[in-house]
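For reference, the chains in residue letters:
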Amino acid sequence: MELWILFGTFTLLMLIGTPIAFCLGVSSLATVIYMGLPPLVVFQRMNSGMSVFSMLAIPFFIYSGDLMVRGGIAGRIVAFAASIVGHLRGGLGQVNILTSTLFGGISGSAVAEAAAVGGLMIPQMKARGYGADYAVNVTSMAALIALLLPPSHNMIIYSISAGGKISIADLFTAGVVPGLLFAAVLMVTAYIVARRRGYPTERFPGVVAALHLLAVALPGLLLIAIIFGGVRSGIFTATESSCIAVIYALLVTLLIYRQLSWGDFVHATMGAVRTTAMVLLIIGCAAAFSWLMAFLRVPSTLVAWMQTLSDNPIMILLLLNVLMLVLGTFMDMGPTIIITTPIFLPIATAYGIDPVHFGVIMILNYGIGLNTPPVGGVQFVACAVGKISVWEAMRSIWPFYGAGIVVLLLVTYIPALSLWLPSVFK
């Protein structure tokens, strides 16, 4: 009965449009009251869920990414990417994907990337004769690359949800090859679709001009090396690297590019504060919800049930992928990771699946969910920038969905794609 109250209240509140944090908090509180436990338990679990030192990395990475967008980093990365791949078929689509790959190593947020890169690229693509649906779909799918590349916020959330036992440095490293593979497959897909639609190419500016644009964009791109190299080498933790990222972003935008105004600084700061408040409230409520599931033995029950279905890791991974893809379409990524990691991770480890490898699989699954209605946050942002409805975009997104599913299957069934690079650094 406790599980019916927990999941039933949560589902009912979500269906009537209640914000996800309140869905999690109210359902947890109702269940605790029914069980006869003091309601204070929920607030204690919320507090313990938010009071995690590693969690500080998330707002600081969000802050540094916003500073760099407002300080001119994104525009210079777009110019450099255009000089490298703009001459390919569907040139601006290729530029969009390469820009998202480079910018993803700075922002770590798919939604921020869709807004920043989409705001720069979608109007240009529409002006050059590209279909609005193509521009939006390329932008929204390419934004998911940021979820796999360091400093991915969701990798940090996964590590914390797993009890802090999984190295954030290993997760950052494990996502690099799948992220680059995702970018390559998307570029091939964008090329095929652009060729079929007859989209134009851009003029190649020459090697000298490309090198000049690289030099201009280099101060911003160096942040990728600073974050990845510092965390991977152990010079500083992921939390410390987020603070360094903020300081570096301020130095680059104020002293080198000199494009960050006082108004931009205030807007970036207030935006980071609002985002932090929302993220921490969701994480705290999700922590209480997760504790109740563990208390009610949901993970162990699910493991036992799945063992009755199959003892083949290939089939178990396929089933987990289907479950995560479905869940990702109905819930936002952060709380979904917090809720399902304590459930799915024990199942994965029971079948000999490496926790780091499984983390990459989970992030990619829920990332695809971010681009799928009814709760597709990245898709909604890209459509708002492109000024088209979600359903207009959905009609032609299937080739890009197919690319995402291909990468998901490769990452799922070829563990070396995720585990090779961490083993090299170790």
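Please read all numbers here as calculations on a predicted model, not as lab measurements.

Undergrad: Where do I start with the overall build of the chain in this structure?
TA: Assigned secondary structure in the chain consists of 22 helices and zero strands. Its C-alpha atoms give the chain principal-axis dimensions of about 70 × 45 × 45 Å. Taking contacts inside the chain between residues at least 6 apart in sequence as the whole, the part at least 24 apart equals 79%. Summed over all atoms, the accessible surface of the chain reaches about 17200 Å², with 72% contributed by carbon and sulfur. Each charge class in the chain was averaged separately, 18 positive and 12 negative side chains, and the resulting centres sit 9 Å apart.

Undergrad: Just checking my understanding: could you explain helix α7 (residues 110-127) for this structure?
TA: Structural remark: α-helix, 3.6 residues per turn; residues separated by three or four positions point the same way. End to end, α7 covers 24 Å across 18 residues, agreeing with the expected 26 Å (1.5 Å per residue, within 8%). Of all bends in α7, the biggest is about 45 degrees, found at Gly118. For α7, the full list of buried residues reads Ala110, Glu113, Ala114, Ala116, Val117, Gly118, Met121, Ile122 and Met125. With its phi angle positive at about 100 degrees, Gly129 sits one or two positions after the end of α7.

Undergrad: What's the story with the environment of Leu214 in this structure? I'm lost.
TA: Structurally, Leu214 is set in helix α12 (residues 207-233). Residue classification places Leu214 among the partly exposed residues on the basis of a relative accessible area of 29%. With 135 residues separating them along the chain, Leu214 and Ala79 place their C-alpha atoms 8.7 Å apart. When residues no more than four places from it in sequence are discounted, the contact partners of Leu214 are Phe80 and Leu221.

Undergrad: Help me out: how do you make sense of the side chain of Ser159 in this one?
TA: One can find Ser159 in helix α9 (residues 153-161). In this view, Ser159 contacts Gly164, Lys165, Ile166, Ile168 and Leu171; residues no more than four positions away in its chain are not counted.

Undergrad: Would you mind showing me how to read the packing of aromatic side chains here?
TA: Geometrically, a pair of aromatic rings is defined through the distance of the ring centres and the angle of the planes. One pass over the structure, following the stated rule, counts seven aromatic pairs. Geometrically, the ring pair formed by Trp398 and Tyr401 is tilted, given 5.4 Å between the ring centres and 55 degrees between the ring planes. Residue Trp398 and its partner Tyr401 are located together in helix α21 (residues 398-413), separated by three residues, close to a single helical turn. Judged by relative accessible area, which is 9%, Tyr401 ranks as buried. Counting every residue linked through ring pairs, the aromatic cluster contains Tyr130, Tyr134, Tyr199 and Phe400.

Undergrad: How should a nonpolar patch on the surface be read in this particular structure?
TA: On the surface, Ile314, Met315, Leu318, Val322, Val326, Phe330, Ile405, Val406, Leu409, Leu410, Tyr413 and Ile414 cluster together into a nonpolar patch covering about 970 Å² of accessible area. Among the elements of the structure, α16 (313-328) and α21 are those that each provide at least two residues to the nonpolar patch. Positionally, Met315 belongs in helix α16.

Undergrad: Explanation requested: the environment of Phe228 in the structure shown.
TA: Along the polypeptide, Phe228 turns up in helix α12. Separated by 195 residues in sequence, Phe228 and Ser423 place their C-alpha atoms 15 Å apart. Excluding anything up to four places from it in sequence, Phe228 contacts Pro150, Phe172, Thr173, Val176 and Phe425.

Undergrad: Just to check I follow, could you spell out the environment of Leu56 for this structure?
TA: Along the polypeptide, Leu56 turns up in the loop between α3 (40-50) and α4 (57-70). Exposure remark for Leu56: the relative accessible area of 38% places this residue in the partly exposed category. Taking the C-alpha atoms as reference, Leu56 lies 9.9 Å from Ile156; in sequence the two are 100 residues apart. The contacts of Leu56, once residues within four sequence positions are left out, are Thr239 and Ser242.

Undergrad: I keep staring at the packing of α12 against helix α13 (residues 238-256) and nothing clicks. Help me out?
TA: A pair of packed helices can be characterised by two numbers: the angle between their axes and the separation between those axes. Put simply, α12 and α13 touch, their axes get as near as 10 Å, and they point 165 degrees apart. By the angle class used here, α12 and α13 are roughly antiparallel. For α12 against α13, the interelement crossing comes out right-handed. Between α12, through Pro219, Leu222, Leu223, Ile226, Ile227 and Val231, and α13, the contact on the second element is made entirely by Ala238, Ser241, Ile244, Ala245, Tyr248, Val252 and Ile256. Residue composition of the contact of α12 with α13, by class: 12 nonpolar, one polar and no charged.

Undergrad: For this particular structure, what's the right way to read unusual backbone geometry?
TA: With the exception of glycine, most residues fall at negative phi, and the peptide bonds are largely trans. A cis amide bond, omega 10 degrees, links Pro150 with the succeeding residue Pro151. With respect to the element layout, Pro151 can be found in the loop between α8 (132-142) and α9. Within the chain, Arg258 stands out as a residue other than glycine whose phi angle is a positive 50 degrees. Among the secondary structure elements, Arg258 is positioned in the loop between α13 and α14 (262-295).

Undergrad: Looking at this model, I keep getting lost on α9. Mind explaining?
TA: Burial within α9 is extensive, with nine of its nine residues counted as buried. Here α9 has its buried residues at His153, Asn154, Met155, Ile156, Ile157, Tyr158, Ser159, Ile160 and Ser161. Of the residues one or two after α9, Gly163 is the one with positive phi, at around 90 degrees.

Undergrad: What's the story with the pattern of salt bridges in this structure? I'm lost.
TA: Charged atoms that come close allow side chains of opposite charge to pair. Within this structure, the stated rule accounts for one salt bridge. One salt bridge connects Asp133 with Arg197, and the closest N-O pair in it is separated by 3.0 Å. A residue pair is termed long-range when its members are at least 10 positions apart, and Asp133 in helix α8 and Arg197 in helix α11 (residues 176-197) qualify at 64 residues. The exposure class assigned to Asp133 is buried, which follows from its relative accessible area of 17%. Residue Arg197 is classed as partly exposed on the basis of its relative accessible area, which comes to 35%.

The rules behind these values
- Residues numbered from 1 in each chain as written.
- Predicted model: local features only at pLDDT ≥ 70, side-chain atom pairs only at ≥ 80, totals over all residues.
- Heavy atoms only, no water.
- Helix = DSSP H or I, 4+ residues; strand = E, 2+ residues; numbered from the N terminus.
- Contact = heavy atoms within 4.5 Å.
- Areas by Shrake-Rupley, 256 points an atom, 1.4 Å probe, with all protein chains shown as cover.
- Lys, Arg positive; Asp, Glu negative; His and termini not counted.
- Charge placed at Lys NZ, Arg CZ, Asp CG, Glu CD.
- Expected span 1.5 Å × (residues − 1).
- Bend = angle between axes of the 7 residues up to and from the residue.
- Buried < 20%, exposed > 50% of the residue type's maximum accessible area, 1.4 Å probe, protein only.
- Phe/Tyr/Trp six-rings, centres within 6.5 Å; stacked < 30°, edge-to-face > 60°.
- Patch = residues over 30% accessible without salt bridge, like charges linked within 9 Å, V, L, I, M, F, W, Y side chains within 5 Å.
- Salt bridge = Lys/Arg side-chain N within 4 Å of Asp/Glu carboxyl O.
- Axes fitted to C-alpha atoms, helices over the stretch in contact; angles between N-to-C directions.
- Parallel < 35°, antiparallel > 145°, perpendicular 65-115°, else oblique.
- Left-handed = near helix turned anticlockwise from the far one by under 90°.
- Nonpolar A, V, L, I, M, F, W, Y, C, P; charged D, E, K, R; others polar.

Purely geometric numbers; function is a separate question.
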